[in-house]
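Read off the chains here:
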Amino acid sequence: MRADVEKAVSLLQRGDDQSLEQALSLLQNTVFSFSMKVCGHREDAEDTMQDVMVKSLPYLPKIDSPKALVVWLYKVARNRCLMSRRKSKFAPKQNLSLDELMPDRKELEILSGEGSVNPEALAIRSEEAVRLRQAVQRLPASYRIVLVLRDMEGLTDEEVAEITGLRSGTVRVRLHRARLFVRKDLVRQRQHGSNGRRVPKPQATHQVRPSRCKAMFAELSNYLDERLDDSLCDELEEHMEGCEPCQAFIASLESAVEQCRRSPMEIPDRKKTARLRKQLLLEYDRALNRTT
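Residue indices begin from 1 for each chain and proceed along its sequence in written order. With pLDDT at 70 or above as the cut-off, local features in this predicted model cover only qualifying residues; side-chain atom pairs require 80 or more to be listed or tallied, and sums for whole chains, interfaces and linings still use all residues. Side-chain measures were taken over the full set of non-hydrogen atoms in the model, leaving aside hydrogen atoms and water.

1. Examining the overall build of the protein
Part 1 of the reasoning: Numbering goes from the N terminus for both helices and strands, where a helix is a DSSP run of H or I of at least four residues and a strand is a run of E of at least two. Looking only at helices and strands, the protein has 16 helices and zero strands in total.
Part 2 of the reasoning: Evaluated residue by residue, the protein yields a buried proportion of 46% over its 292 residues.
Part 3 of the reasoning: When checking whether two residues touch, look at their non-hydrogen atoms; a contact exists if any pair is within 4.5 Å. Relative to all contacts within the protein whose residues are 6 or more apart in sequence, the contacts with residues 24 or more apart total 78%.
Part 4 of the reasoning: A total of about 15,100 Å² of accessible surface is found on the protein, and carbon and sulfur atoms cover 46% of it. With a 1.4 Å probe rolled over the protein chains alone, any residue whose accessible area is under 20% of its type maximum counts as buried; one over 50% counts as exposed, and the rest are partly exposed. All accessible-area figures derive from a Shrake-Rupley calculation using a 1.4 Å probe, and residue coverage is judged against the displayed protein chains alone.

2. Digging into the confidence of the model for the protein
Part 1 of the reasoning: Values of pLDDT, ranging from 0 to 100, describe the predictor's confidence in every residue of the model. Of all residues in the protein, 82% have pLDDT values of 70 or greater, and the mean over the chain is 83.
Part 2 of the reasoning: Considering only residues more than four positions removed or in separate chains, one finds that residues 194–209, a stretch of pLDDT under 50, has 30 contacts.

3. Here we look at the side chain of Gln28
Part 1 of the reasoning: With respect to the secondary-structure elements, Gln28 resides in helix α2 (residues 17–39).
Part 2 of the reasoning: Discounting chain neighbours no more than four positions away, the residues touching Gln28 are Met49, Met53, Thr273, Leu276, Arg277 and Leu280.

4. Thoughts on the packing of aromatic side chains
Part 1 of the reasoning: Two rings from Phe, Tyr or Trp (for Trp, the six-membered ring) form a pair when their centres sit within 6.5 Å of each other. Planes less than 30 degrees apart are called stacked, planes more than 60 degrees apart edge-to-face, and all others tilted. Inspection of the entire model under this criterion finds two aromatic pairs.
Part 2 of the reasoning: Here Phe34 and Tyr74 contribute two aromatic rings whose centre-to-centre distance is 5.0 Å and whose plane-to-plane angle is 80°, an arrangement assigned as edge-to-face. A residue pair is termed long-range when its members are at least 10 positions apart, and Phe34 in helix α2 and Tyr74 in helix α4 (residues 66–84) qualify at 40 residues. The burial state of Phe34 is the same as that of Tyr74; both residues are buried.

5. Thoughts on the environment of Leu132
Part 1 of the reasoning: Relative to the assigned elements, Leu132 resides in helix α8 (residues 126–138).
Part 2 of the reasoning: Here Leu132 falls in the buried class, since its relative accessible area comes to 5%.
Part 3 of the reasoning: As for Leu132 and Ala256, which are separated by 124 residues in sequence, their C-alpha atoms are 8.4 Å apart.
Part 4 of the reasoning: Excluding residues within four positions of it along the chain, Leu132 makes contact with Met152, Val182, Leu186, Gln259, Cys260 and Ser263.

6. Considering the packing of α2 against helix α9 (residues 141–152)
Part 1 of the reasoning: Taken N-terminus to C-terminus, the directions of α2 and α9 make an angle of 140°; their axes are 10 Å apart at the nearest point. Judged by the inter-axis angle, α2 sits oblique to α9. Two packed elements cross with a definite hand, and for α2 against α9 that hand is right-handed. Residues Phe34, Lys37 and Val38 of α2 pack against Arg144, Ile145, Val148, Leu149 and Met152 of α9.
Part 2 of the reasoning: Ten residues, namely Ala, Val, Leu, Ile, Met, Phe, Trp, Tyr, Cys and Pro, are considered nonpolar, four, namely Asp, Glu, Lys and Arg, are considered charged, and the remaining ones, Gly among them, are considered polar. Its residues placed into classes, the contact of α2 with α9 shows six nonpolar, no polar and two charged. Note on geometry: axes are C-alpha line fits, over the in-contact stretch for helices, and angles between N-to-C directions span 0 to 180 degrees. In this scheme, roughly parallel covers angles under 35 degrees and roughly antiparallel covers those over 145, while 65 to 115 is roughly perpendicular and the rest are oblique. Handedness of a helix crossing follows the sense of rotation of the near helix relative to the far helix, less than a right angle counterclockwise being left-handed and clockwise being right-handed.

7. Considering the pattern of salt bridges
Between side chains of opposite charge, a pair can form when the charged atoms approach closely.
Part 1 of the reasoning: Take a side-chain nitrogen of Lys or Arg and a carboxyl oxygen of Asp or Glu: if they are within 4 Å of each other, that pair is a salt bridge. On inspection of all chains with the given rule, the structure shows 19 salt bridges.
Part 2 of the reasoning: Note that Arg150 and Asp225 form a salt bridge whose closest N and O atoms lie 3.6 Å from each other. On the criterion of sequence distance, the pair formed by Arg150 in helix α9 and Asp225 in the loop between α13 (220–224) and α14 (230–241) is long-range, its members being 75 residues apart.
Part 3 of the reasoning: One salt bridge in this structure joins Arg179 and Asp225, with 3.1 Å as the shortest N-O distance. With Arg179 in helix α11 (residues 168–192) and Asp225 in the loop between α13 and α14, this residue pair connects regions lying 46 residues apart in the sequence. We note that Arg179, like Asp225, is buried.
Part 4 of the reasoning: The network of salt bridges with shared partners includes Arg150, Asp151, Asp157, Arg172, Arg179, Asp225, Arg227, Glu258, Arg261 and Arg262.

8. With respect to unusual backbone geometry
Part 1 of the reasoning: Of note, the phi angle at Glu226 is positive, near 60°, even though the residue is not glycine.
Part 2 of the reasoning: Note that Glu226 resides in the loop between α13 and α14.

9. Some details on the packing of α11 against helix α15 (residues 244–261)
Part 1 of the reasoning: Direction vectors running N to C along α11 and α15 enclose 100°, while the axes themselves pass 9 Å from each other. Considering their axes alone, α11 and α15 lie roughly perpendicular with respect to each other. Across from His176, Arg179, Leu180, Arg183, Leu186, Val187 and Arg190 in α11, the residues of α15 making contact are Phe249, Ser252, Leu253, Ser255, Ala256, Val257, Gln259 and Arg261.
Part 2 of the reasoning: The class makeup of the residues in the contact of α11 with α15 is seven nonpolar, four polar and four charged.

10. Considerations on α9
Part 1 of the reasoning: For α9, the buried fraction is high: 10 of the 12 residues fall into the buried class.
Part 2 of the reasoning: Of the positions making up α9, those classed as buried are Tyr143, Arg144, Ile145, Val146, Leu147, Val148, Leu149, Arg150, Asp151 and Met152.
Part 3 of the reasoning: In the stretch just after α9, Gly154 is the one whose phi turns positive, near 80°.

Right under this line is the structure:
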């Protein structure tokens, strides 16, 4: 998504009408796609897109930094989404417990018996895309925002911290727990199958050692994002070489993260966005005249 914003800033700097309309279209798509992932309802996402785009007009002629525009757009869209998001009777509690997100002995046995998961193959299957959307929507809002910004929109930890007002350490904690939640939810959905019935899984015959793995699980997001120092990284890799349950679990978590990163962009209704752009173009000209 950030590439689209960078392209939009470049188009805005050209100053001609065609470039301006292309820039607004890119920004509309960016805001709508983000809002769909956070809000979960098309009407809410459309309202957020319109509100954010109208509010952005006075600032667009002054912005020459893609990063500044990224932070501003997502911050305003985030606030609007949190205000408009409809309450769900399935909404979880607001704080996720790390212990509750960790796999138990039985799940580790099932994971080890399933074999490896291909995240690229899963990401392009429509059924998996639906499951991912459902899992993300079940996240508490404070965790969902971090996951969407970081893994689905491709922003950095620092940008997520600036948008959310959180400390970088808190971003990392919430990101890891959100990833664990989504991983667990996706596994649960697959095990129950599309018809809601539990699918039998092969039984593993190896010895499972969850007590020795727990400390490793807490560092897996840092490991996947290459944020561990060399000594901890070597320790984790040495542990995993001799621990099949850990190998299965990190493959499961990595698959969930890759599915988030490969999630398709949500596209708004073309007719509605075209009508909105006509209004925005007129307002943009007025905003541009006020700044010159």
